[in-house]
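Topology and contacts: notes
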Amino acid sequence: MKTIGKVAVACTAFALLAGCTATATAPPAATTTTTAGSSASGMTITDQAGRTVTLKATATKVFGAGPPATTMLYALDPTVLAGWNTAVTESQKPFLTTASQSLPVLGRVTGGKDTFNPEVLNANKVDLIIDAGDINASYIATDDDLQTKTGIPVIMLSTDPAKMAEGFEILGKVTGKTDAGAKLSTEVKRIAALVSDGATKASAAKASVFYSVGAKGLSTSQSGSINARVIDAIGATNVAGTTTKSGRIDITAEQVLTFNPDWVIISPDTPADAIATNPASVQPVGSLKAIAAGNYLVVPNGMPFGWFDGPPSSNQLMGMMWAGESIYPEAFNVDLAAETVSYYKNFFHYDLSTEAAKKMLATAHTPGF
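So, here's what we can say about the structure. (Residues numbered from 1 in each chain as written. Predicted model: local features only at pLDDT ≥ 70, side-chain atom pairs only at ≥ 80, totals over all residues. Heavy atoms only, no water.)

Re the overall build of the protein
A count of helical and extended segments in the protein gives 15 helices and twelve strands. Put simply, the protein has 369 residues, and 56% of those count as buried. Within the protein, residue pairs in contact and separated by at least 24 positions form 67% of the contacts whose partners lie at least 6 positions apart. Entry remark: accessible area of the protein is about 14100 Å², with carbon and sulfur atoms responsible for 54%. (Helix = DSSP H or I, 4+ residues; strand = E, 2+ residues; numbered from the N terminus. Buried < 20%, exposed > 50% of the residue type's maximum accessible area, 1.4 Å probe, protein only. Contact = heavy atoms within 4.5 Å. Areas by Shrake-Rupley, 256 points an atom, 1.4 Å probe, with all protein chains shown as cover.)

Listed below in structure tokens is the structure:
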């Protein structure tokens, strides 16, 4: 969804997947009850912004307005995707279906990076646009305008885990992939309940966490931001403070040292960055007590989507299980290897072996692997 105001740090290659968004105004009162009706003239849907949208027929080529929506569409069924927002990276390719790798790049409407032409969507016979992320009055106006400009129906979905199950059900209805939508809805509910239960049990511990982004680790996201939802969801304290906006902010070395958290979650620009392979060598992050104690995690990015906020979408469910179990093992009690295999199968359509999952978790500096 469209960025309101400027995010203080430019997106890195991974952040381009993250769909940096910002919330400027409170959302209007809107029902989240979904209705769908079919008639000779098509289908009517009430989306998660409370907007009534009419489709002439079941959608077969769907465009995600930004990476969060595209990630949800890919999770539902890669064959419904009309194209990508940005070019597929080499790190993503091994995890994507062969057919999806060759889909065209159609640009992005949201996230402050308007790189699309309405004519391109029509030329590619897009019959539905999905926007996903935060929902508020500004985004509603943006998507209403997008629908007018393109002549293509736009449906708005929330990436809040508490509402995501319904979002997948909506996607299933409008694409005719009802079984896939129902299956993902069930999985979202299961994972959301697992995370909520773990967070409740861990509430007394309240670990402090610093989300350290970039080669030097001097960018972060605050509590309340869609980008830092993983930290909020597991019941930890985000040392960077609280915001009403989403996206990332730059911080100083002095601030990092003041934070001095119990845990650090590192999101490097590339897996080869020193902050990922040897964080103690990168200052000031390397001076933190958490690094010295080995209490840090390295976000798996671009495989095919990041586990923390690359983008902030359904992939964050995997990040919640991973971070929750790593930081609060007694409260979460999650079999991470098994959950990783299951998640890749259900949401990424990828058969990940148990050994490969364990290797991935070990590279992410997950305790016990």
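Remarks on the sheet that holds strand E5 (residues 128-133)
Two strands in a sheet stick together by hydrogen bonds in their backbones, pointing the same way (parallel) or opposite ways (antiparallel). Across the sheet, three strands lie side by side as E4-E5-E6; this open sheet has parallel pairing. The open sheet has two edge strands, strand E4 (62-64) and strand E6 (154-158), and neither has a second partner. Ignoring which end each strand starts from, the neighbouring axes of this sheet average 25 degrees apart. Alignment of E4 against E5, held across three bridges, turns out to be parallel. Within E5, the position partnered with Gly64 by the bridge is Ile130. Running over the sheet, helix H2 (residues 67-76) touches E4, E5 and E6 and is turned about 110 degrees from E5. Those strands touched by helix H5 (residues 137-150) are E5 and E6, and its axis lies near 155 degrees from that of E6. (Pairing = 2+ DSSP bridges. Axes fitted to C-alpha atoms, helices over the stretch in contact; angles between N-to-C directions.)

Thoughts on unusual backbone geometry
Backbone torsion omega between Gln283 and Pro284 reads 10 degrees, so that peptide bond is classified as cis. Along the chain, Pro284 turns up in the loop between helix H10 (274-277) and helix H11 (289-293). Cis rather than trans, the peptide bond between Gly310 and Pro311 has omega equal to 0 degrees. Relative to the elements of secondary structure, Pro311 occurs in the loop between strand E12 (296-298) and helix H12 (316-327). Residues other than glycine seldom take positive phi values, yet Asn260 does so here, at roughly 35 degrees.

Brief notes about H5
When the terminal C-alpha atoms of H5 are compared, their 20 Å separation across 14 residues agrees well with the 20 Å that a helix rising 1.5 Å per residue should span. For H5, the set of buried residues is Tyr139, Ile140, Thr142, Asp143, Leu146 and Thr150. Mapping the buried residues of H5 onto a view down its axis gives an arc of 160 degrees, with all of them on the same face. Turned more than 90 degrees off the buried face of H5, the exposed positions are Thr148 and Lys149. Buried residues belonging to H5 abut helix H4 (118-123), E5 and E6. Between a side-chain oxygen at the N-terminus of H5 and the backbone nitrogen of Ser138 the separation is 3.0 Å; the capping residue is Asn136. Downstream of H5 by one or two residues, Gly151 has phi in the positive range, about 75 degrees. (Expected span 1.5 Å × (residues − 1). Arc of directions from axis to C-beta. Polar contact = N/O pair within 3.5 Å; in protein donor to acceptor, adjacent residues only side chain to side chain.)

Considering the pairing of E5
A large share of E5 lies buried, amounting to six of its six residues. Alternating positions in E5 separate into two faces, Leu128, Ile130 and Ala132 on one and Ile129, Asp131 and Gly133 on the other, with burial throughout. In the sheet, E5 pairs with E6 via five bridges, with the strands oriented parallel. Each bridged residue has a counterpart across the sheet, and for Ile129 the counterpart in E6 is Val154. Handedness of the crossover is the feature at issue here: the chain leaves E5, passes through H5, returns alongside E6, and the resulting connection is right-handed. (Right-handed = clockwise from strand over helix to strand, strands pointing away.)

Concerning the nonpolar core
Grouped together as the largest cluster of nonpolar side chains are 71 residues, with contacts concentrated most on Ile130, Ile155, Phe168, Ile265, Trp322, Tyr328 and Phe347. Contacts of Phe347, omitting those with residues within four sequence positions, involve Tyr74, Ala75, Phe168, Leu184, Glu187, Val188, Ile191, Ser314 and Leu317. (Core = buried A, V, L, I, M, F, W, Y, C linked by side-chain atoms within 4.5 Å.)

Observations regarding the side chain of Thr159
Mapped onto the elements of the fold, Thr159 is located in the loop between E6 and helix H6 (161-175). Taking relative accessible area as the criterion, Thr159 reaches 0% and is therefore assigned buried.

Some points on the environment of Gly294
Among the structural elements, Gly294 can be located in the loop between H11 and E12. The exposure class of Gly294 is partly exposed, given its relative accessible area of 26%. Each C-alpha atom, one on Gly294 and one on Thr366, is 10.0 Å from the other, the two residues being 72 residues apart in sequence.

With respect to the pattern of salt bridges
Counting across every chain of the model gives twelve salt bridges. Notably, a salt bridge pairs Arg51 with Asp47, separated by 2.6 Å at the nearest N-O pair. For the pair shown, Arg51 and Asp47 are each scored as buried. Residue Lys289 pairs with Asp262 through a salt bridge whose shortest N-O separation is 3.6 Å. One end of the pair, Lys289, is in helix H11; the other, Asp262, is in the loop between helix H9 (253-259) and strand E11 (263-267), and 27 residues separate them in sequence. The partly exposed category is assigned to Lys289, whose relative accessible area is 44%. In this structure, a network of salt bridges that share partners links the residues Asp47, Arg51 and Asp144. (Salt bridge = Lys/Arg side-chain N within 4 Å of Asp/Glu carboxyl O.)

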